[in-house]
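# Coordinate inspection notes
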Amino acid sequence: MAEQSLVAGGEEPEERVIEAALRPKNLHDFVGQHRVRKQLSLVLEASRMRDRSADHVLLSGPPGLGKTTLAMIIAAEMNAPLRISSGPAIQHAGDLAAILSSLSEGEVLFLDEIHRMSRPAEEMLYMAMEDFRVDIVVGKGAGATAIPLELPPFTLVGATTRAGLLPGPLRDRFGFTGHLEFYSVEELELVLRRSAGLLDLKVNSAGFTEIAGRSRGTPRIANRLLRRVRDWALVHGIEQIDARSAAAALDMYEVDARGLDRLDRAVLEALITKFNGGPVGLSTLAIAVGEEPETVETVAEPYLVREGLMGRTPRGRIAMASAWTHLGYAVPAGVFGQEAFPLFEEDENHAESVDSIG
């Protein structure tokens with residue numbers, strides 16, 4: 001579905017090529033994440049001054065915020081080759097040993113979704129990161145022999161969307177850990193301005209603001225929406241994109257003013273109209289919207305919770321007051337997220353009796 005590809009789903013090969021072209025090539029061009037960027041710049045500069053490989057780097061945060069881009073920038077800043085793999089692709093220690101043994105000195109190894117790597121490979125990675133050595137086990141049973149294999153110094157860049165799933169011993173072996181935060185609308189406008197320049201698009205300030213406000217705080221989504229607005233403007237013969245044309249284009253792709261897509265609104269609509277705001281279990285909610293529970297939990301729920309539209313309770317999911325308002329429903333009494341009210345209302349007779357006693 002079009003809206004899922006815009007805010008959450010996979011991309012066509014052509015889209016991936018365009019997105020790769022929009023990636024910044026150095027830290028100076030990287031927009032946002034000022035704290036992480038400043039700290040990482042210091043780490044890389046010190047490594048260059050010592051003429052040594054940079055410390056291992058762990059980048060955590062939600063998808064689409066620039067973890068892969070930063071890994072590419074680290075390799076470029078260190079003038080080193082980059083090797084890319086992922087945790088799910090490394091299911092055996094032998095898979096990791098094959099990758100590590102083929103690394104050249106100073107090479108940057110990027111492991112995406114590192115928390116999904118198998119436990120045997122994880123344990124091999126401990127020694128590789130710390131001592132630049134792995135033990136290759138040859139044979140089985142009593143005749144098995146461990147052959148030590150020396151590795152050239154390298155830099156591991158691990159990326160994870162769920163840092164809490166990483167075991168402590170692995171986390172502790174990273175010399176630098178950076179957590180990427182969601183972008184503000186102003187930062188996304190800067191991202192869009194840079195991308196529009198590369199795509200040779202004419203967009204005014206109001207147009208950038210409109211697109212940024214619907215981008216869910218994520219540069220990847222912002223660039224994707226910009227390309228869809230570009231297509232809409234091309235078909236409709238519009239030379240300069242303003243707020244009205246950007247809004248019309250994104251409305252056509254069912255991305256509303258708060259960045260909600262069809263699935264997001266379907267989840268909230270089901271919560272409100274079918275379950276009276278909840279609470280309702282995840283599986284029941286997923287059936288009501290015709291999706292898999294994992295899709296609702298990983299695609300729609302994080303953003304809805306972050307925006308205060310949906311809540312998670314021990315009894316299930318609930319629609320917050322802002323969700324009722326956003327979808328145009330009157331907020332009934334007792335819904336979570338309404339204005340705070342005093343727990344104890346002062347009784348006038350009780351107040352008078354207290355005054356008389358005093």
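Scroll up to find the structure.
Residues numbered from 1 in each chain as written. Predicted model: local features only at pLDDT ≥ 70, side-chain atom pairs only at ≥ 80, totals over all residues. Heavy atoms only, no water.

## Examining the packing of helix H13 (residues 282-289) against helix H14 (residues 293-306)
Geometrically, a packed helix pair is captured by the angle between its two axes and the distance between the axes. Remark: H13 packs on H14, axes separated minimally by 8 Å, with the N-to-C direction vectors making an angle of 90°. Judged by the inter-axis angle, H13 sits roughly perpendicular to H14. Of the residues in H14, those in contact with Leu 282, Ser 283, Leu 285, Ala 286 and Val 289 of H13 are Pro 293, Val 296, Glu 297 and Glu 301. Residues of the contact of H13 with H14, tallied by class, amount to six nonpolar, one polar and two charged. (Axes fitted to C-alpha atoms, helices over the stretch in contact; angles between N-to-C directions. Helix = DSSP H or I, 4+ residues; strand = E, 2+ residues; numbered from the N terminus. Parallel < 35°, antiparallel > 145°, perpendicular 65-115°, else oblique. Contact = heavy atoms within 4.5 Å. Nonpolar A, V, L, I, M, F, W, Y, C, P; charged D, E, K, R; others polar.)

## Here we look at the environment of Ser 195
Within the secondary structure layout, Ser 195 lies in helix H8 (residues 185-199). Given a relative accessible area of 1%, Ser 195 falls into the buried group. Residues Ser 195 and Leu 22 lie 173 residues apart in sequence; the distance between their C-alpha atoms is 6.1 Å. Sequence-distant contacts of Ser 195, defined by excluding residues within four places in its chain, comprise Leu 22, Asn 223 and Leu 226. (Buried < 20%, exposed > 50% of the residue type's maximum accessible area, 1.4 Å probe, protein only.)

## Some thoughts on the pattern of salt bridges
Summed over the entire model, instances satisfying the criterion amount to 15 salt bridges. Residue Asp 231 is joined to Arg 230 by a salt bridge in which the shortest nitrogen-to-oxygen separation is 3.3 Å. A relative accessible area of 25% places Asp 231 in the partly exposed class. Between Glu 301 and Arg 317 there is a salt bridge, and its shortest N-O distance comes to 2.6 Å. Note that Glu 301 is positioned in helix H14 and Arg 317 in strand E11 (residues 316-319), a separation of 16 residues in sequence. Among the charged side chains, a salt-bridge network with shared partners connects Glu 45, Arg 48 and Glu 77. (Salt bridge = Lys/Arg side-chain N within 4 Å of Asp/Glu carboxyl O.)

## So, the packing of aromatic side chains
Using the criterion set out here, one finds two aromatic pairs in the structure. Seen from their ring centres, Phe 132 and Phe 154 are 5.5 Å apart, and the 80° between their planes marks the pair as edge-to-face. On the criterion of sequence distance, the pair formed by Phe 132 in the loop between helix H6 (119-131) and strand E4 (133-138) and Phe 154 in the loop between strand E5 (145-150) and strand E6 (155-160) is long-range, its members being 22 residues apart. Ring geometry for Trp 324 versus Tyr 329: centroids 6.5 Å apart, planes at 85°, classification edge-to-face. A relative accessible area of 31% means that Tyr 329 is categorised as partly exposed. When the ring centre of Phe 182 is taken as reference, the NZ or CZ atom of Arg 306 above it lies at 3.5 Å. (Phe/Tyr/Trp six-rings, centres within 6.5 Å; stacked < 30°, edge-to-face > 60°. Lys NZ or Arg CZ within 6 Å of the ring centre and 35° of its normal.)

## Let's talk about helix H4 (residues 67-77)
The element H4 is largely enclosed, with a buried count of eight among its eleven residues. Along H4, the residues classified as buried are Lys 67, Thr 68, Thr 69, Leu 70, Ala 71, Ile 73, Ile 74 and Ala 75. Lining the buried residues of H4 we find helix H3 (34-50), strand E1 (57-60), strand E2 (82-86), strand E3 (108-112) and E6. Looking one or two residues beyond H4, the residue adopting positive phi is Asn 79, at roughly 55°.

## Things to note about the environment of Ser 283
Examined against the element boundaries, Ser 283 turns out to sit in helix H13. Note on Ser 283: relative accessible area 46%, which makes it partly exposed. Residues Ser 283 and Pro 293, spaced ten residues apart in sequence, show a C-alpha to C-alpha distance of 5.5 Å.

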